[in-house]
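Close look at the chain arrangement
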Amino acid sequence: AFLSLARAWSLRVVAERRTHMGGWDEDKNLRLPPFFVPPRVPIALSKQNAFCVRIPKRTCSRAVKEVSSFERDAMASADEETREAFGPPPKHVRRVKPIPEDTESVLLFVGMRGDEEKGYARRVLEVTKTSKEDLLECFVSNRQVLSKKELERANEWWPSVLLTTGKGELNSNEANMDEEERKKATERARTLLAKAEGKDGERYCEIVNPKTNDVVACARNGEGECERGGVMRYLPTRHCAMMAIEKVAKLDLELFPDAYDSKGYSNNTNASSETTAAAAEEEDEEDLNSPEAKKRRKSVAAKVMAESIGIPDKPYLCTGYDIYMTHEPCLMCAMALTHSRIKRIFYVNKDKNGKGALSSKTRKRLHGVRTLNHHFAVWSFDDDDRPVLDD
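Residues numbered from 1 in each chain as written. Predicted model: local features only at pLDDT ≥ 70, side-chain atom pairs only at ≥ 80, totals over all residues. Heavy atoms only, no water.

Quick look at the sheet that holds strand β5 (residues 136-141)
The strand order across the open sheet built from 4 strands is β3-β4-β2-β5, with neighbouring strands paired in antiparallel fashion. At either end of the open sheet lies a strand with only one pairing partner, and these are β3 (96-98) and β5. Here the strands of the sheet are splayed against their neighbours by 45 degrees on average, with no regard to which way each runs. As judged from the 6 bridges shared by strand β2 (residues 47-56) and β5, these two strands associate in the antiparallel manner. Residue pairing across strands places F51 opposite E137, the latter belonging to β5. Packed on one face of the sheet, helix α3 (residues 60-75) meets β2, β3 and β4 (105-112) and runs near 20 degrees to β4. (Pairing = 2+ DSSP bridges. Helix = DSSP H or I, 4+ residues; strand = E, 2+ residues; numbered from the N terminus. Axes fitted to C-alpha atoms, helices over the stretch in contact; angles between N-to-C directions. Contact = heavy atoms within 4.5 Å.)

Following this line, the structure appears as structure tokens:
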């Protein structure tokens, strides 16, 4: 009776969780093409208070040159505390704004509101021979602009610059997807939901080769777990993404085994510990940068994968592959996908509990951590991830 009650309670929790996280409502989640999920939390573009001074146009060039030189020298070896005390101008804000009704004068940017006593602002006033009484209020954009449309809007307040951004930002190549590719992604997501609906699991994923549109591996949460004594044994690491990556690794070893290296040692994972230890000991004595050592580190599997996906360098596991998921991955799964070098992540349902690793609006997103050695692009079919920024 206790086991029956426990099982009923478990099914109820799963049902409630499905309802809370969006369930499998295809009409709700897939009526639009995927949205790009930027690595940084999106902030709506708005104007922010700042100060400027009015100076003769003929002295503008000299003033900008002196102030810029002073800023470079001050920021050359400055730490975070020194930078905060200096108060440099935002990089996306231009130094000078013309005055349409006065062709003999221009406005020179001084600093943001509250920075009047900081080093940069004081230097501007000193170079232009002005004082705090001469400061004029102005407005600048609150952040870097990410599109031409945003640039037009920001220029209405103060001239701005459309800076080039890093990989995965809104105006980068990773954020662009043509109409045909968007349709293919949407159709793939619909197929994913259809397959998930027929399986006894609430989360399901597929790793896809975008070059051939073939499914390389698929998995669902808890796959491989067994029922013992009437109780299902759930393992915390048996998430669908983790298991799909594991399948890709096993498939790589099965299809393209590098049976023996140049020394005659087997790369079989079932090799005896004595043989493995002896090989490791002998390799330690050899120069790791020698041609033979480099040759052994390149497997047949890597060469075949490089030819199939058109990447000249040695690929690693999921290099060049996409993953389609019914739900946004957790931090553990997202980090595993980073290590496996996945190219793009598509998910249908955003994690409404705030535990997702890719779409949080209150904390850092995993693909926005610059110190990681790999960054993937993220796309979402969930309407809650609709961009709040101007396109």
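Here we look at the side chain of R344
In this structure, R344 sits in strand β11 (residues 344-349). We classify R344 as buried; its relative accessible area is 11%. Leave out the neighbours within four places in its chain, and R344 touches M177, E181, P210, Y321, D322, I323, A377 and W379. (Buried < 20%, exposed > 50% of the residue type's maximum accessible area, 1.4 Å probe, protein only.)

Regarding the pattern of salt bridges
A complete count under the given rule lists 17 salt bridges for this structure. Among the ionic pairs, E84 bridges to K118, the shortest N-O distance being 3.1 Å. Taken together, the positions of E84 in helix α4 (residues 80-86) and K118 in the loop between β4 and α5 (119-128) put the pair 34 residues apart, joining distant regions of the chain. Exposure remark for K118: the relative accessible area of 18% places this residue in the buried category. One salt bridge connects E180 with K184, and the closest N-O pair in it is separated by 3.8 Å. Pair noted here: E180 and K184 are both in helix α7 (residues 179-197), with a separation of 4 residues, about one helical turn. By relative accessible area, which is 54% here, E180 ends up exposed. Taken together, the salt bridges that share partners define one network made up of E84, D115 and K118. (Salt bridge = Lys/Arg side-chain N within 4 Å of Asp/Glu carboxyl O.)

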